[in-house]
Amino acid sequence: MGPSQPRNAVVPDRSPSRLPAAPVLLQQLSHKKGQWKSTKFLRRVKSVFRSFPVINPPCKMPISNRLHEGHIHGGKQMTGTLFGYRKARVNLAIQENPRGVPLLVLELSIQTGKLLQDMGSGLVRIALECEKNPSEKLKLIDEPIWTMYCNGRKVGYAVKRGPTEDDLKVMQNLHAVSMGAGVLPAENAESPEGELTYMRAFFERTIGSKDSETYYMMNPNGTSGPELSIFFVRIG
């Protein structure tokens, strides 16, 4: 007999997804309305937890003065998950904890496989920029669309969306995972979009102002390793 469903569980009633049916029991945040297998490809993805040299990219973006020895100090710890089918666009989900409903879901304009390969090679810095609209009073992470730069190169746009049933199933399958990388089971093993891969880690969130936030990936046990920084900036 399965565990009882908490009263504050989120159970979406949308159309069937490509992922196997699973109960979605993520906890809803009070202030807001897995199983996996190893593959040869994921050996490189898991290298995000090994040591790599730090590279200074030609990327013009805000740098926090709290950066020191590979960490940003004084921020709030969040859970960040990059996931998607290898040949499709990667999604970014930010949660307050691994068992919570995502605070933010973004679809990024880069393929999942390409981004995870870059993560296995060294430093990746993603800058997301949008323009201020004086007539709107949106919180920074509620902005709907962003111009996206990866290591200083414009690569398209990132779009915010509400979490879908597929998103919630991924979060449910990973609810016991604090950090790691792997492949999630899918109904269609021969999908032309490839396997559904993920990388999950703790991120430190630092708020610079109402128009800037930084999410900095924390390496396990404070060890050195490749860096992933995500900058949200509202300009104009």
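As annotated in an unreviewed UniProt entry, the protein chain is Protein MIZU-KUSSEI 1 from Anisodus tanguticus.

> Got a sec to walk through the environment of K76? Specific residues and values, please.
Within the element layout of this structure, K76 appears in strand β3 (residues 76–85). Separated by 131 residues in the primary sequence, K76 and I207 place their C-alpha atoms 9.1 Å from one another. Not counting chain neighbours up to four residues away, the residues in contact with K76 comprise E96, F203, E204 and R205. Polar side-chain contacts of K76 include one of 3.1 Å to the side chain of E96.

> A description of the nonpolar core should follow, citing residues and the corresponding values.
The biggest cluster of nonpolar side chains holds 32 residues, and the ones touching the most others in it are L108, I126, L128, L228, I230 and F232. Residues within four places of F232 in sequence aside, it is in contact with L104, L106, L128, L140, W146, D211, S212, E213 and Y215. Core analysis: the second largest hydrophobic core is formed by 15 residues, Y85, L168, V177 and L184 among them.

> Residues and numbers for unusual backbone geometry, please.
For N151, which is not a glycine, the phi torsion comes out positive at approximately 50°. You can see N151 is positioned in the loop between β7 (145–150) and β8 (153–160).

> Requested: an account of the side chain of R234, with residues and values cited.
Examined against the element boundaries, R234 turns out to sit in strand β12 (residues 228–235). By relative accessible area, R234 is classed as buried at 10%. Within the structure, the side chain of R234 is placed 2.8 Å from the backbone oxygen of K210, a separation counted as a polar contact. One polar contact links R234 to D211, side chain to side chain, over a distance of 2.7 Å. What R234 contacts, discounting residues up to four positions off in sequence, is C130, E131, K132, L138, K139, L140, E143, K210 and D211.

> I'd love a proper account of helix α3 (residues 165–173), names of residues and values included.
In terms of burial, α3 is a largely internal element, 8 of the 9 residues being buried. Along α3, the positions that sit buried rather than exposed are E165, D167, L168, K169, V170, M171, Q172 and N173. At its buried positions, α3 is contacted by β3, β4 (89–95), β5 (104–111), β9 (180–184) and β10 (196–209).

> Run through the side chain of E213, naming residues and quoting values.
Structurally, E213 can be placed in strand β11 (residues 212–217). Reaching out from E213, the side chain makes a polar contact with the side chain of R205 at a distance of 3.1 Å. Only 3.1 Å separates the side chain of E213 from the side chain of Y215, close enough to count as a polar contact.

> Residue-level account of the confidence of the model for the protein chain, with values.
When pLDDT is averaged across the protein chain, the result is 75; 64% of the residues are at 70 or more. Segment residues 2–17 is flagged for pLDDT under 50; beyond a separation of four residues in sequence, or across chains, it makes 25 contacts in the model. In this model residues 30–72 is a low-confidence stretch, pLDDT under 50, and it forms 91 contacts with partners more than four residues away in sequence or in other chains.

Reading the values: rules and limits
- Counting starts from 1 at the beginning of each chain's written sequence and moves along it residue by residue.
- pLDDT decides what is reported in this predicted model: residues at 70 or higher carry local features, side-chain atom pairs at 80 or more are listed and counted, and totals for whole chains, interfaces and linings draw on all residues regardless.
- With hydrogens and water set aside, each side-chain value is computed from the structure's full complement of heavy atoms.
- Secondary structure follows DSSP: runs of H or I at least 4 residues long count as helices, runs of E at least 2 residues long count as strands, and numbering of each begins at the N terminus.
- Every residue pair with non-hydrogen atoms within 4.5 Å of one another is taken to be in contact.
- Counted as a polar contact is a pair of N or O atoms within 3.5 Å, where, for protein atoms, one must be capable of donating a hydrogen and the other of accepting one, and residues adjacent in sequence contribute only when both atoms are in side chains.
- Nonpolar cores are built from buried Ala, Val, Leu, Ile, Met, Phe, Trp, Tyr and Cys residues. Side-chain atoms within 4.5 Å join them into one set.
- Note on exposure labels: buried denotes an accessible area under 20% of the residue type's maximum, exposed denotes more than 50%, and partly exposed covers the range between, all computed with a 1.4 Å probe on protein chains only.
- Per-residue confidence from the predictor is reported as pLDDT, which spans 0 to 100.

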